[in-house]
Amino acid sequence: MNILFAASEVAPFIKTGGLADVAGSLPQKLADMGHDVKVILPLYEGIGQQYRDKMRFLFHWNCRLAWRTPYCGIFELREGNISYLFVDNEYYFKRAEIYGHYDDGERFAFFSRAVIETPAHLDWHPDVLHCNDWETALVPIYLLEERERIWQLRGTKSVFTIHNIEYQGRYGDQIIEDLLGLNRGYLNEHMLAYHGDVNLMKGAIYVADYVTTVSPTYANELQYPFYAHGLEGVVADNRWKLRGILNGLDVCLYDPSTGNGLAAPFTPDDLSGKAACKKALQQAVGLREDPNVPIIACVSRLVKHKGFELVANAIHDIMSMNVQMVVLGTGEWNFEEAFRQAQAQYPGRFAARLQYSAALSTAIYGGADLFLMPSLAEPCGLSQMIAMRYGTIPVVRETGGLKDTVIPHGVFGDTGFTFANINAHDMVWVLGEAVGLYFNDKAGWQVLQHNGMTRDFSWDSPAREYEDVYYQITGIPRPTEPSPEEDPVPAAEEPTQAEPAAAPVPEAAPAAEAPAVKAEKKPAAKKAAAKPKAEPAAKAEKKPAARKTAAKAKAEPAAKAEKKPAVKKAAKAKAEPTAPAEAPKAEAPKTEAPKTEAPKAEAPKVEAPAEEKKAEK
């Protein structure tokens, strides 16, 4: 199956959140499963030179965007069995940040047009166009317009994945013609119209052949106003084609046994290396070196919907326990200021690193003991899964993917601690339970670590679910192994076909076969009138043994060696009583030439060489 995967960010080339991780690992898994996968994304200024050096320029054209015809170039980078396509236009994408510009609507409308027009220039037919979040929400809509104009898109189906419904691509209705190049007929309640504005995500939900979210719980939550941000009615209207598929994780990238980015490697059965990682983390962020005090960690964007209002309000309650805490990330200024003040108030116990650092985040996952994620809403979340991979116990609120991935303490197979209410006191209470387990029950603590580290967070199962969606909407049957009933060659016929090939055939046999074919079509009377030279070969196949005794001695060996054990016996005894009795077996091939292979099966007695020697004597 041909799959074109469109995303505004893809790891490892450019990344700001979980979308990049999914766009980097899911296509790779689909390609490993045998599909022809191409990933398309903008060629941002922030993409490193090490990747640009591997790219090659394919082609360019003038893309059509309303009344504009901007330049659009395509660069390709091949990594393994995936082709990454980069859309080049420096006016739109040569900027310091990839989001947050005044013309984001125009930038990603151009990108969506490029996604639609690229297959025609590649002369490649995608069976599925998989789009992600509002930045590519126009792709399914443009597909409606171009499906019958571009023959490479005929029969192409679209899948739209909601990673975060909070960001919907909402603009004034004046952009519908001037910017998007669409007819105003698209401004209706079952398309783009939303309280007098244009809502791109709403249009994609209605138009796409299938809609997915990044966890089963989030798919259910989107039917409630608190989580759907105004689109609960749209989601409910399309729930017949909505499915929640939990994101996977690149388990090779996040593997503590390799020791990549860690002070020491460790495994679920040998956690001794985690102590060295904890010491290295304390040294890196300025915490007091104490192996017996648990470290609580947060790695996230510091925004309200991630629950940091709860953390900021409960900092003093958290620090009243015998713990250390480290926070890594950037976000809203009030949360950043709260953490700066906490660092000043609790030196050696609280560390605030208001930055983004991939190396430091790996050190935190490997060296911390508890990982705090009090999100108000979390579509899936990867941080809690990464933390569990590194033996760090998550403390999360029961929402979205957090509820689907973290099994609360006390339940069979438990991997962490959870709380349900959006309440700082509930969060502190559960943190106290986790800290108590750390100090009072080391064996129970190690069971949680082992359960989390050995749980399967790979893409094997999620990729299979996405594959089911693709096969369902395209109607392409899933390839299966042929069953024994469907075997085109029955087992009973195999010996019959194999035996003639195993029988030894002298080199003279092919020369005698041509008269044999003619002999099958002639009556017996005509055979008698044949020339004497051709008679031995023809008679050797069809005539009784008595007539063969009159043939010349030089012609007899070739005829005998071809197919008749009975004739060979007749040559030995010249008038043996059994020879006439076996003659009818030689006449059987007159009616069914293809099925005369059964008598040939008796030829492997290999008497021909011996008889030939006797005849020569």
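Please refer to the structure placed before this passage.
Quick caveat, the model's predicted, so the values are computed rather than measured.

Draft legend 1. Inspection of the sheet that holds strand β14 (residues 324-328) at higher detail. Reading across from one edge, β15-β14-β13-β16-β17-β18 is the order of the six strands in this open sheet, with parallel pairing throughout. Single-partner strands in this sheet number two, and they are β15 (350-353) and β18 (417-419). Within this sheet the neighbouring strands show an average axis-to-axis angle of 15 degrees, counted without direction. Sheet topology places strand β13 (residues 295-299) next to β14; five bridges connect them, and they run parallel.

Draft legend 2. The arrangement of the sheet that holds strand β9 (residues 193-194) in detail. One open sheet accounts for three strands, arranged β8-β10-β9; its pairing is antiparallel. Edge positions in the open sheet fall to β8 (170-172) and β9, since each of these has one partner strand only. In this structure, β8 lies alongside strand β10 (residues 197-199), joined through three bridges in antiparallel fashion. Bridge assignment links Tyr171 to a residue of β10, and that residue is Val198. Against the sheet, helix α7 (residues 200-207) touches β8, β9 and β10, its axis set at about 55 degrees to β10.

Draft legend 3. Representation of the side chain of Asp127 in the model. Secondary-structure assignment places Asp127 in the loop between α4 (104-122) and β6 (128-132). As a buried residue without a salt bridge, Asp127 has its nearest oppositely charged side chain in Lys157, at a separation of 10 Å. If we ignore the near neighbours within four places in the chain, the residues touching Asp127 are Met1, Asn2, Gly155, Thr156, Lys157, Thr474 and Ile476.

Draft legend 4. Representation of the packing of aromatic side chains. Enumeration over the complete set of coordinates arrives at 20 aromatic pairs. Geometrically, the ring pair formed by Tyr91 and Tyr92 is edge-to-face, given 5.0 Å between the ring centres and 70 degrees between the ring planes. Its relative accessible area of 3% is what places Tyr92 among the buried residues. Taking the centre distance of 6.1 Å and the plane angle of 40 degrees together, the rings of Tyr99 and Phe108 count as tilted. Overall, the relative accessible area of 2% leaves Phe108 in the buried class.

Draft legend 5. Just helix α1 (residues 18-32), in detail. Here α1 spans 21 Å end to end across 15 residues, near enough to the 21 Å set by a 1.5 Å rise per residue. In this structure, the buried residues of α1 make contact with β1 (2-6), β2 (36-42), β5 (82-88), β6 and α20 (460-474). Gly34 lies just past α1 and shows a positive phi near 105 degrees.

Draft legend 6. Expanded view of the nonpolar core. Judged by nonpolar contacts, the single largest core of 96 residues is most densely connected at Phe86, Val87, Phe160, Leu180, Leu182 and Leu192. For this core, the element with the most residues is α4, which contributes seven residues. Residues in contact with Leu192, not counting those within four places in the same chain, are Ile141, Ile176, Leu182, Tyr186, Asp197, Val198, Asn199, Leu200 and Gly203. Counting 37 residues, the second-largest nonpolar core is a separate cluster that includes Leu310, Val323, Val327 and Phe339.

Draft legend 7. Looking closely at the state of the cysteines. What the rule picks out here adds up to zero disulfides. Between Cys63, a free cysteine, and Cys72, which holds the nearest cysteine sulfur, the sulfur-to-sulfur gap is 5.3 Å. Residue classification places Cys63 among the buried residues on the basis of a relative accessible area of 0%.

Draft legend 8. Representation of the pairing of strand β17 (residues 393-397) within the structure. Across the five residues of β17, five count as buried, placing the element largely inside the fold. With burial as the criterion, each face of β17 is covered, one bearing Ile393, Val395 and Arg397 and the other bearing Pro394 and Val396. As judged from the four bridges shared by strand β16 (residues 370-373) and β17, these two strands associate in the parallel manner. Bridge pairing in β17 places Leu372 opposite Val395. The β-α-β motif built from β16, the intervening helix α16 (residues 383-389) and the parallel element β17 has right-handed crossover chirality. Pairing geometry for β17 and β18, over three bridges, is parallel. Among the inter-strand pairings, Val395 is bridged to a residue of β18, identified as Phe417.

Draft legend 9. How the structure looks around helix α14 (residues 333-345). The terminal C-alpha atoms of α14 lie 18 Å apart, and with 13 residues this matches the ideal 18 Å at 1.5 Å per residue to within 8%. When we look at burial in α14, the residues that qualify are Phe335, Glu336, Phe339 and Ala342. On an axial view of α14, the arc spanned by its buried residues comes to 120 degrees, and they lie on one face. For α14, exposure combined with an orientation more than 90 degrees from the buried face picks out Trp333 and Ala344. Where α14 is buried, its residues touch α12 (308-313), α13 (315-319), β14 and β15.

Draft legend 10. How the structure looks around the pattern of salt bridges. Under the definition given, this model contains 27 salt bridges. Its salt-bridge partner being Glu76, residue Arg56 comes within 2.9 Å of it at the nearest N-O pair. Note that Arg56 is positioned in strand β3 (residues 56-62) and Glu76 in strand β4 (residues 71-79), a separation of 20 residues in sequence. Through salt bridges with shared partners, one network takes in Arg64, Arg113, Glu117, Glu146 and Arg149.

Draft legend 11. Structural view of the packing of α4 against helix α5 (residues 138-146). Close contact between α4 and α5 brings their axes to 9 Å; oriented N to C, the two are set at 50 degrees. The orientation of α4 with respect to α5, classified from their angle, is oblique. By crossing handedness, the relation of α4 to α5 is classed as right-handed. The segment α4 lies against α5, with Ala109, Ser112, Arg113, Val115 and Ile116 engaging Leu138, Val139, Tyr142, Leu143 and Glu146. Its residues placed into classes, the contact of α4 with α5 shows seven nonpolar, one polar and two charged.

Cut-offs applied
Counting starts from 1 at the beginning of each chain's written sequence and moves along it residue by residue. Note on the predicted model: pLDDT of at least 70 is required for a residue's local features to be given, and 80 or more for side-chain atom pairs to be given and counted; whole-chain, interface and lining totals, by contrast, use all residues. The basis for every side-chain value is the complete set of heavy atoms in the structure, and neither hydrogens nor water enter the calculation. Strands were regarded as paired on the criterion that DSSP finds at least two bridges between them. We count a stretch as a helix when DSSP gives it H or I for four or more residues in a row; a strand needs E for two or more, and each element gets its number in order from the N terminus. Axes, fitted as lines to C-alpha atoms, cover a helix only where it is in contact. Angles between the N-to-C directions of the axes lie from 0 to 180 degrees. The contact definition used throughout considers only heavy atoms, calling two residues in contact when any of these lie within 4.5 Å. Think of it in three bands: residues with accessible area under 20% of the maximum for their type are buried, residues over 50% are exposed, and the middle band is partly exposed, with areas taken using a 1.4 Å probe on protein chains only. In this count, Lys and Arg are taken as positive residues and Asp and Glu as negative ones, while His and the chain termini are left out. When a carboxyl oxygen of Asp or Glu is within 4 Å of a side-chain nitrogen of Lys or Arg, the pair counts as a salt bridge. Here the aromatic set is Phe, Tyr and Trp, taking the six-membered ring for Trp, and pairing holds for ring centres within 6.5 Å; pairs whose planes are under 30 degrees apart are stacked, those over 60 apart are edge-to-face, and all others are tilted. The span one expects for a helix is its residue count, reduced by one, times 1.5 Å. By convention a nonpolar core is built from buried Ala, Val, Leu, Ile, Met, Phe, Trp, Tyr and Cys residues, the set being connected through side-chain atoms within 4.5 Å. Our working definition of a disulfide is a cysteine sulfur pair at a distance within 2.5 Å. Crossover handedness is defined by viewing with both strands directed away from the observer: a clockwise path from the first strand over the helix to the second marks the crossover as right-handed. Taking the helix axis as origin, the arc is that swept by the directions to the C-beta atoms. Relative orientations are named as follows: roughly parallel for angles under 35 degrees, roughly antiparallel for angles over 145 degrees, roughly perpendicular for angles from 65 to 115 degrees, and oblique for any other angle. Crossings are classed by handedness, with left-handed meaning an anticlockwise turn of the near helix from the far one by less than a right angle and right-handed meaning a clockwise turn. Classification convention: Asp, Glu, Lys, Arg as charged; Ala, Val, Leu, Ile, Met, Phe, Trp, Tyr, Cys, Pro as nonpolar; all other residues, Gly among them, as polar.

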